[in-house]
Amino acid sequence: MQSTWKILPLLVVLNSFLPVAMAREFSQVYDSYRHALEIGNLSDARKFAEEAYQLGEAKFGKDSLNYANLGLNFAKALRDDSSKKYVERKTQATEVAKNSLAIYRTHFEGTATELIEPLMVVGDVTQDNRLARESYKSALEIAEDSGKPDILAVTQMGAFKRLSHTEFYDRSLFSGLEDAHEYFINSLPPNAVDRLEATYLLARAYHGQKKYSKAEPLYLEVIKGYDVLDFTHPYSLSSHSRLVELYEHEGERDKATKHCIAIGSMTPWDDNQEQTPLFRKPAKYPINLAKRGKDGWVEVHFTVDEMGMVRDPKVTRSSGGRAFEAAAVEAVSAWRFAPKFEDGKPVKAKTAVKMAFEIAK
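Let me begin by describing the structure that accompanies this report.

Let's shift gears to the environment of Asp254. With respect to the helices and strands, the residue Asp254 is situated in helix H12 (residues 253-264). Since its relative accessible area comes to 71%, Asp254 is described here as exposed.

Here it is as structure tokens:
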């Protein structure tokens with residue numbers, strides 16, 4: 001999931017040395033960029049961010065902070081638009097962000113808090129995990145020395161998001177997220193964006209550590225915080241889904257059902273949304289067949305009811321023997337779905353799955 005967007009501000013509204021037509025063109029392009037970002041059109045946001053960046057060089061000068069901010073916005077737009085030329089755009093994003101950081105460094109001394117934002121953008125857009133770690137390490141050092149807990153908390157959360165799935169993930173990143181979460185809990189209202197994001201990330205971290213009793217209340221807090229929105233936020237959707245997984249692991253099917261229904265009925269999901277798998281228990285490979293190196297497959301037809309539970313699983317075709325059939329039916333029976341909806345109401349729906357049993361050769 002991508003980071004929450006922050007449009008970096010322009011420090012100068014108008015450059016009196018530019019022709020009026022050029023100034024008007026820049027303003028129109030920049031406004032188009034902001035609008036595209038607001039409505040979630042990432043392809044157009046990238047296009048207009050690039051135009052604004054190009055026009056900004058003439059408007060503000062290539063050594064100005066305004067130009068640097070336009071570059072940081074462009075770098076993030078390049079990162080998020082994966083419509084085509086994915087690899088090339090990610091490389092360009094890194095170079096644009098590094099150039100903006102270099103401009104910032106000509107305006108501020110090495111310990112200035114103003115450097116944190118461009119350092120974080122470099123870390124976020126680059127595909128080089130080592131560069132990301134170096135950038136966030138510098139940002140964290142500045143934030144820690146600043147004496148400003150709000151800046152430190154935002155930087156700690158950013159570092160965790162970027163590095164938690166890399167080879168550089170360590171205890172200090174997790175501790176930083178815990179500290180950030182504690183700060184946000186004590187300083188921000190329940191529905192504040194940073195507080196909800198930190199709560200979700202910490203829930204995911206606890207979940208990954210199989211500390212379900214700690215993850216559960218945090219997921220529920222995220223869901224409650226986003227209930228005020230008139231659309232489905234990805235963190236809320238993911239929290240529902242992960243609670244289904246959590247409750248299924250702990251054998252609490254009734255609690256899982258509540259969240260299956262919630263996911264199926266979420267806006268902006270289609271009123272005629274097809275059933276969607278939320279929890280899939282892997283089939284157990286029959287030991288005697290595994291010892292013999294035997295492969296097989298099983299096709300199972302079943303109904304997903306209004307609660308998202310599997311009903312009446314039946315083997316329609318198979319290869320390899322009855323042991324495979326029994327293992328497939330047992331696994332599928334434990335699966336959970338967001339139910340199919342028709343005219344906004346959950347209904348029963350039939351579906352099928354083909355499960356392969358193969359031993360790596």
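Looking now at the packing of helix H7 (residues 149-163) against helix H8 (residues 171-187). Relative to each other, H7 and H8 sit at 135°, their axes nearing to 8 Å. By the angle class used here, H7 and H8 are oblique. Note on packing geometry: the crossing formed by H7 with H8 is left-handed. Counted together, Pro149, Asp150, Ala153, Val154, Gln156, Met157, Ala159, Phe160 and Leu163 of H7 and Leu173, Phe174, Gly176, Leu177, Asp179, Ala180, Tyr183 and Phe184 of H8 form the full contact between these two elements.

Right, let's get into the pattern of salt bridges. Where charged atoms from two side chains of opposite charge come close, those side chains can pair. On inspection of all chains with the given rule, the structure shows 13 salt bridges. Its salt-bridge partner being Arg79, residue Asp80 comes within 2.7 Å of it at the nearest N-O pair. Both residues of the pair, Asp80 and Arg79, count as buried. Arg195 serves as the salt-bridge partner of Glu221, at 3.5 Å between the closest nitrogen and oxygen. Taken together, the residues span a long stretch of sequence, with Glu221 in helix H10 (residues 212-226) and Arg195 in helix H9 (residues 193-208) at a distance of 26 residues.

Time to look at the packing of aromatic side chains. Considering all chains together, one arrives at 15 aromatic pairs under this definition. When the ring of Phe160 is compared with that of Tyr169, the centres are 5.9 Å apart and the planes differ by 80°; the resulting orientation is edge-to-face. Residue class for Phe160 comes out buried when judged on its relative accessible area of 5%. When the ring of Tyr285 is compared with that of Phe324, the centres are 5.6 Å apart and the planes differ by 85°; the resulting orientation is edge-to-face. Of the two residues, Tyr285 sits in the loop between strand S1 (276-279) and helix H13 (287-291) while Phe324 sits in helix H14 (residues 322-333), which places them 39 residues apart along the sequence. Exposure remark for Tyr285: the relative accessible area of 23% places this residue in the partly exposed category. Given a relative accessible area of 0%, Phe324 falls into the buried group. One aromatic cluster in this structure is built from Phe26, Tyr30, Tyr33 and Phe60. Lys354 extends its terminal NZ or CZ atom over the ring of Trp297, reaching a point 4.3 Å from the ring centre.

Interhelical geometry of helix H5 (residues 116-125) versus helix H6 (residues 129-146) gives an angle of 160° and a closest axis separation of 8 Å. When the axis of H5 is compared with that of H6, the two are roughly antiparallel. As H5 packs across H6, the resulting crossing turns out to be left-handed. Taking contact as the criterion, the partners of Ile116, Leu119, Met120, Val122, Gly123 and Asp124 in H5 are, on H6, Leu131, Ala132, Ser135, Tyr136, Ser138, Ala139, Ile142 and Ala143. Residue composition of the contact of H5 with H6, by class: ten nonpolar, three polar and one charged.

Turning our eyes to something else, we now look at the nonpolar core. By size, the foremost hydrophobic cluster in this structure holds 79 residues, and its most contacted members are Phe26, Tyr33, Leu70, Ala75, Ala97 and Phe160. Sorting elements by how many residues they give to this core places helix H3 (residues 65-80) first, with nine residues. Grouped together as the second largest cluster of nonpolar side chains are 16 residues, Val298, Ala327, Val353 and Phe357 included.

This next bit is on unusual backbone geometry. The backbone of Lys210 shows a phi angle near 65°, a positive value even though the residue is not glycine. On the secondary structure map, Lys210 appears in the loop between H9 and H10. Owing to a relative accessible area of 64%, Lys210 belongs among the exposed residues under this scheme. Positive phi is not limited to glycine here, since Asp312 has a value of about 55°. Turning to its location among the elements, Asp312 is positioned in strand S3 (residues 310-319).

This part is about the environment of Asp170. Along the chain, Asp170 turns up in the loop between H7 and H8. The exposure class of Asp170 is partly exposed, given its relative accessible area of 37%. A polar contact is formed between the side chain of Asp170 and the side chain of Ser172, at a distance of 2.5 Å. At 3.1 Å, the side chain of Asp170 and the backbone nitrogen of Leu173 are in polar contact.

The rules we used
- Residues numbered from 1 in each chain as written.
- Predicted model: local features only at pLDDT ≥ 70, side-chain atom pairs only at ≥ 80, totals over all residues.
- Heavy atoms only, no water.
- Helix = DSSP H or I, 4+ residues; strand = E, 2+ residues; numbered from the N terminus.
- Buried < 20%, exposed > 50% of the residue type's maximum accessible area, 1.4 Å probe, protein only.
- Axes fitted to C-alpha atoms, helices over the stretch in contact; angles between N-to-C directions.
- Parallel < 35°, antiparallel > 145°, perpendicular 65-115°, else oblique.
- Left-handed = near helix turned anticlockwise from the far one by under 90°.
- Contact = heavy atoms within 4.5 Å.
- Salt bridge = Lys/Arg side-chain N within 4 Å of Asp/Glu carboxyl O.
- Phe/Tyr/Trp six-rings, centres within 6.5 Å; stacked < 30°, edge-to-face > 60°.
- Lys NZ or Arg CZ within 6 Å of the ring centre and 35° of its normal.
- Nonpolar A, V, L, I, M, F, W, Y, C, P; charged D, E, K, R; others polar.
- Core = buried A, V, L, I, M, F, W, Y, C linked by side-chain atoms within 4.5 Å.
- Polar contact = N/O pair within 3.5 Å; in protein donor to acceptor, adjacent residues only side chain to side chain.

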